[in-house]
Amino acid sequence: MIRVPTCVLSSFEPPQLRNGHSLDLFVQIGSLTKPLTATVLTALAGRAALSLDDPLESFLPAPEGTGITLRHLAEHTSGLPRLPPGIGGRDPYADFDAQALEAVVRQLDTLVTAPAGTTEEYSNLGYALLGAALVAATRTPYEELLHRHVLDPLGVTDVAADPPSGRRLCRRGLFGRPQGPWTMTGAILPAGGLWATPEATARLVTGLLVDRRLGEPAPAWQKAGHLLWHNGATGSASVFAGAVPQGWIVVHRLSGRSAATDRLAVQTIRRFLDGASAQA
């Protein structure tokens, strides 16, 4: 039986660290990057630097007439597919750089699967474009935008696109050798390329969803009843983060099987809520 390094942080119980996970080493958080990118968007909109309803072609060389706005990208209603064309292999995003993104942008009208605003389809491509649009609109690198509008206001450190190799916690193979993580420092970064320590991730969740120090949660967060949540997965890591009115949770596992990570998080929340209901 494979023993998967697992970290569970929540307001429901003391921290749970299993099989060599760590609170203070950087781990990939995959698509949990998206709510941070969307928070940058809403912060810039709040400062009138742009509008959520600005068309994408105002910032990137996209064909006219797609009808895609920044809001559509943030809410996954752009009509774009989940992945950029040509993505695949053991390190699927390694070649998806700025030049590859620009080539995709120029042919967006051939990629849309539905008119913008009519259907919801989760899209990593959409968030790559959103991040590129924010960078173009402000002429500011993505990580600088992230620090200025999210991390610094929340007082959160230990979030990075490329943390020091000595501070990374990576999955190990059968003979104990670290497995190389996906390369996600290129154009896909705003969609899923960030690393963070579990402690930093927990501070992001409490700051954005519980204390709401930056206002209402950004449109990237998913809703299931009273639960606000988002998950993320790369080839060798997965995370779930969420909050209900009664508390919050972050689960990270060094396994790309996100369904098991999601299930552990939801079971933890339900166990607490069921126990609280029984005591009432």
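In what follows, the accompanying structure is described.

### Brief notes about the overall build of the chain
Each helix and strand in the chain was counted, giving 8 helices and 9 strands. The C-alpha radius of gyration computed for the chain amounts to 19 Å, which stays within 12% of the reference 19 Å derived for 280 residues, consistent with globular compactness. Residue burial in the chain is summarised as follows: out of 280 residues, 50% are buried. A separation of at least 24 residues holds for 67% of the contacts in the chain among residues at least 6 apart in sequence. Carbon and sulfur atoms make up 49% of the accessible area of the chain, which amounts to about 13,100 Å² in all. With 24 positive and 24 negative side-chain charges, the chain shows a spacing of 10 Å between the two charge centroids.

### Concerning the state of the cysteines
One way to say it: the disulfide is the covalent bond shared by the sulfur atoms of two cysteines. Counted by the stated rule, this structure contains 0 disulfides. You can see Cys 7 has no disulfide; the closest cysteine sulfur is in Cys 170, sitting 16 Å from it. Relative accessible area serves as the criterion here: at 1%, Cys 7 is assigned to the buried category.

### Details of the sheet that holds strand β3 (residues 27-28)
In space, the 3 strands of this open sheet follow the order β3-β5-β4, with antiparallel pairing throughout. Of all the strands in the sheet, just β3 and β4 (159-160) have a single pairing partner and so form its edges. Taken together, the 2 bridges between β4 and strand β5 (residues 195-196) define a ladder with antiparallel strand orientation. Its bridge partner being in β5, Ala 160 is matched across the sheet by Trp 195.

### A few points about the sheet that holds strand β8 (residues 238-244)
Reading across the sheet, the 6 strands line up as β2-β1-β9-β8-β7-β6 and stay open at both edges, with antiparallel pairing between neighbours. Where the open sheet ends on each side, the last strands, each with one partner, are β2 (16-18) and β6 (222-224). Direction aside, the axes of adjacent strands within the sheet are offset by 15 degrees on average. Two strands pair when backbone bridges link them, and strand β1 (residues 6-10) and β2 are joined in this way by 3 bridges, in the antiparallel orientation. What sits directly across from Val 8, in β2, is Gln 16. The sheet strands contacting helix α7 (residues 198-210) are β1, β7 (227-233), β8 and β9 (247-253), and the helix crosses β9 at an angle near 150 degrees.

### Focus: α7
The terminal C-alpha atoms of α7 lie 17 Å apart, and with 13 residues this matches the ideal 18 Å at 1.5 Å per residue to within 8%. Within α7, burial applies to Pro 198, Ala 200, Thr 201, Ala 202, Leu 204, Val 205, Thr 206, Gly 207, Leu 208 and Leu 209. With its phi angle positive at about 50 degrees, Arg 212 sits one or two positions after the end of α7.

### Quick notes on the packing of aromatic side chains
Within the structure shown, the criterion is met by 3 aromatic pairs. Judged by centre distance (6.1 Å) and plane angle (65 degrees), the rings of Tyr 93 and Trp 182 are edge-to-face. Highlighted residues: Tyr 93 in the loop between α2 (70-74) and α3 (98-105) and Trp 182 in the loop between β4 and α6 (189-192), separated in sequence by 89 residues. We classify Trp 182 as partly exposed; its relative accessible area is 25%. Relative to Phe 240, the ring of Trp 229 lies with its centre 5.6 Å away and its plane at 5 degrees, an arrangement referred to as stacked. Of the two residues, Trp 229 sits in strand β7 while Phe 240 sits in strand β8, which places them 11 residues apart along the sequence. Classification of Trp 229 as partly exposed rests on a relative accessible area of 21%.

### Points about the environment of Thr 42
Among the secondary structure elements, Thr 42 is positioned in helix α1 (residues 33-46). The class for Thr 42 is partly exposed, based on a relative accessible area of 26%. It is 9.1 Å that separates the C-alpha atoms of Thr 42 and Pro 217, two residues lying 175 residues apart in sequence. Ignoring anything within four residues of it in the chain, the contact list for Thr 42 reads Ala 218 and Pro 219.

### Some points on the packing of helix α5 (residues 142-154) against α7
It is the contact of α5 with α7, at a shortest axis distance of 10 Å, that shows an interaxial angle of 100 degrees. Relative to α7, α5 is oriented roughly perpendicular. Residues Val 150, Leu 151 and Leu 154 of α5 lie in contact with α7, whose contacting residues are Arg 203, Leu 204, Gly 207 and Leu 208. Counted by class, the contact of α5 with α7 contains 5 nonpolar, 1 polar and 1 charged residues.

### What to know about the nonpolar core
Membership of the largest hydrophobic core comes to 66 residues, with the highest contact counts inside it found for Leu 56, Leu 129, Leu 146, Val 159 and Leu 194. If one sorts the elements of this core by residue count, helix α4 (residues 124-138) sits on top with 8 residues. Residue contacts for Leu 194: discarding those within four places in its chain leaves Val 27, Gln 28, Ile 29, Gly 30, Thr 33, Leu 36, Tyr 142, Leu 146, Val 159, Ala 160, Ala 161 and Leu 189. Counting 10 residues, the second largest nonpolar core, distinct from the first, contains Val 8, Ile 249, Val 251 and Ile 269.

Rules used in this analysis
Residues numbered from 1 in each chain as written. Predicted model: local features only at pLDDT ≥ 70, side-chain atom pairs only at ≥ 80, totals over all residues. Heavy atoms only, no water. Helix = DSSP H or I, 4+ residues; strand = E, 2+ residues; numbered from the N terminus. Rg over C-alpha atoms; globule rule 2.2 N^0.38 Å. Buried < 20%, exposed > 50% of the residue type's maximum accessible area, 1.4 Å probe, protein only. Contact = heavy atoms within 4.5 Å. Areas by Shrake-Rupley, 256 points an atom, 1.4 Å probe, with all protein chains shown as cover. Lys, Arg positive; Asp, Glu negative; His and termini not counted. Charge placed at Lys NZ, Arg CZ, Asp CG, Glu CD. Disulfide = S-S within 2.5 Å. Pairing = 2+ DSSP bridges. Axes fitted to C-alpha atoms, helices over the stretch in contact; angles between N-to-C directions. Expected span 1.5 Å × (residues − 1). Phe/Tyr/Trp six-rings, centres within 6.5 Å; stacked < 30°, edge-to-face > 60°. Parallel < 35°, antiparallel > 145°, perpendicular 65-115°, else oblique. Nonpolar A, V, L, I, M, F, W, Y, C, P; charged D, E, K, R; others polar. Core = buried A, V, L, I, M, F, W, Y, C linked by side-chain atoms within 4.5 Å.

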